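Each chain, letter by letter, is given below.
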Amino acid sequence: MEHPDHVARIQADWRRERPDLDVTPQGVIGRLHRLADRLTEELCLVYGHHGLSEGEFDVLCALRRAGEPYERAPGELAAHTMVTTGAMTKRIDRLERAGLVTRRRADDDQRGRIVALTRPGRELIDRAFTDHMRNERRLLDALTPNEAETLETLLTSWLARVEPPGGQAAGRTD
């Protein structure tokens, strides 16, 4: 490599210091990790533009994707966004204070609660998600269409091999 990137320099150091180890996996995993960090930074800029954190954006997306009447139980939201119920409660509290969601008792279980998007919440997530998709398109446009398709195929295959069936082991839900 004429101009090695950060990961290649780290690999070269390890090859020098530990020639007994195969550090080639670091080339893929290290670059994926660095890319994930950069992508998260870029995505969070859009969420912030709409006054949302990444977690709040995830909750609003999960509610919006539920379809009319745009509501889910808090435990269901936690499962869809891969956070603990305690973390979910904090997110819902913030969104409720902002007037973006409401909470009510479940019709079939007076102990249960239902979280629903308000009209302002739905309008906000529709705008934010539109901007989010534009941003993801901008980020993906760094690749050719063929590269993007190949990458999606590879990532889908790899993820299917490491994630439990159902695909909700971790990660984003937008």
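Below is a short write-up of the structure. (Residues numbered from 1 in each chain as written. Predicted model: local features only at pLDDT ≥ 70, side-chain atom pairs only at ≥ 80, totals over all residues. Heavy atoms only, no water.)

Observations concerning unusual backbone geometry
Link 1 in the chain: Put simply, E68 and P69 share a cis peptide bond, and its omega is 5°.
Link 2 in the chain: Examined against the element boundaries, P69 turns out to sit in the loop between helix 3 (54-65) and strand 1 (71-72).
Link 3 in the chain: The phi angle at Y70 is positive, at roughly 60°, despite the residue not being glycine.
Link 4 in the chain: Structurally, Y70 is set in the loop between helix 3 and strand 1.
Link 5 in the chain: Overall, Y70 belongs to the buried group, its relative accessible area being 9%.
Link 6 in the chain: You will see that M82, though not glycine, has its phi angle at about 60°, which is positive.
Link 7 in the chain: For M82, the location among the structural elements is in the loop between helix 4 (74-81) and helix 5 (85-97).
Link 8 in the chain: For M82, a relative accessible area of 35% puts it in the partly exposed group. (Helix = DSSP H or I, 4+ residues; strand = E, 2+ residues; numbered from the N terminus. Buried < 20%, exposed > 50% of the residue type's maximum accessible area, 1.4 Å probe, protein only.)

Details of the pattern of salt bridges
Link 1 in the chain: Applying the stated criterion to the full structure yields 16 salt bridges.
Link 2 in the chain: For E42, the salt bridge goes to R138, with nearest N and O atoms at 2.7 Å. Within this pair, whereas E42 is found in helix 2 (residues 24-49), its partner R138 is found in helix 6 (residues 119-140), the two being separated by 96 residues in sequence.
Link 3 in the chain: Judged by its relative accessible area of 45%, R138 falls in the partly exposed class.
Link 4 in the chain: Of the charged contacts in the structure, one is a salt bridge between R72 and E76, with a shortest N-O distance of 3.0 Å.
Link 5 in the chain: Of the residues examined, R72 reaches a relative accessible area of 10% and is grouped as buried. (Salt bridge = Lys/Arg side-chain N within 4 Å of Asp/Glu carboxyl O.)

Brief notes about a nonpolar patch on the surface
Link 1 in the chain: Among the surface-exposed residues, V28, I29, L32, L140, L143, L151, L155, W158, L159 and V162 lie close enough to one another that they form a single nonpolar patch of about 800 Å² accessible area.
Link 2 in the chain: Within the residue set of the nonpolar patch, elements represented by two or more residues are helix 2 and helix 7 (145-162).
Link 3 in the chain: Looking at the nonpolar patch, the element that brings in the most residues is helix 7, giving five residues.
Link 4 in the chain: Turning to its location among the elements, L32 is positioned in helix 2. (Patch = residues over 30% accessible without salt bridge, like charges linked within 9 Å, V, L, I, M, F, W, Y side chains within 5 Å. Areas by Shrake-Rupley, 256 points an atom, 1.4 Å probe, with all protein chains shown as cover.)

Observations regarding the packing of aromatic side chains
Link 1 in the chain: Applying the stated rule across the entire model yields one aromatic pair.
Link 2 in the chain: On the numbers, 4.3 Å between centres and 25° between planes, the contact of Y47 with F57 is stacked. With Y47 in helix 2 and F57 in helix 3, this residue pair connects regions lying ten residues apart in the sequence. Each member of the pair, Y47 as well as F57, is classed as buried. (Phe/Tyr/Trp six-rings, centres within 6.5 Å; stacked < 30°, edge-to-face > 60°.)

A few points about the nonpolar core
Link 1 in the chain: One finds L52, L60, L77 and V101 to be the most contacted residues of the largest nonpolar core, which totals 22 residues.
Link 2 in the chain: Of all the elements in the fold, those that place two or more residues in this core are helix 2, helix 3, helix 4, helix 5, strand 3 (109-117) and helix 6.
Link 3 in the chain: Sorting elements by how many residues they give to this core places helix 3 first, with six residues.
Link 4 in the chain: When near neighbours in sequence (up to four residues on either side) are disregarded, L52 contacts Y47, F57, L60, L95, L100, L124 and A128. (Core = buried A, V, L, I, M, F, W, Y, C linked by side-chain atoms within 4.5 Å. Contact = heavy atoms within 4.5 Å.)

Description of the packing of helix 4 against helix 5
Link 1 in the chain: Following both chains from N to C, one finds helix 4 and helix 5 inclined at 105°, their axes separated by 9 Å at the closest point. One way to sum up the angle between helix 4 and helix 5 is to call them roughly perpendicular. Across the interface between the two elements, P74, L77, A78 and T81 from helix 4 touch T85, M88, R91 and I92 from helix 5.
Link 2 in the chain: Tallied by class, the residues present in the contact of helix 4 with helix 5 amount to five nonpolar, two polar and one charged. (Axes fitted to C-alpha atoms, helices over the stretch in contact; angles between N-to-C directions. Parallel < 35°, antiparallel > 145°, perpendicular 65-115°, else oblique. Nonpolar A, V, L, I, M, F, W, Y, C, P; charged D, E, K, R; others polar.)

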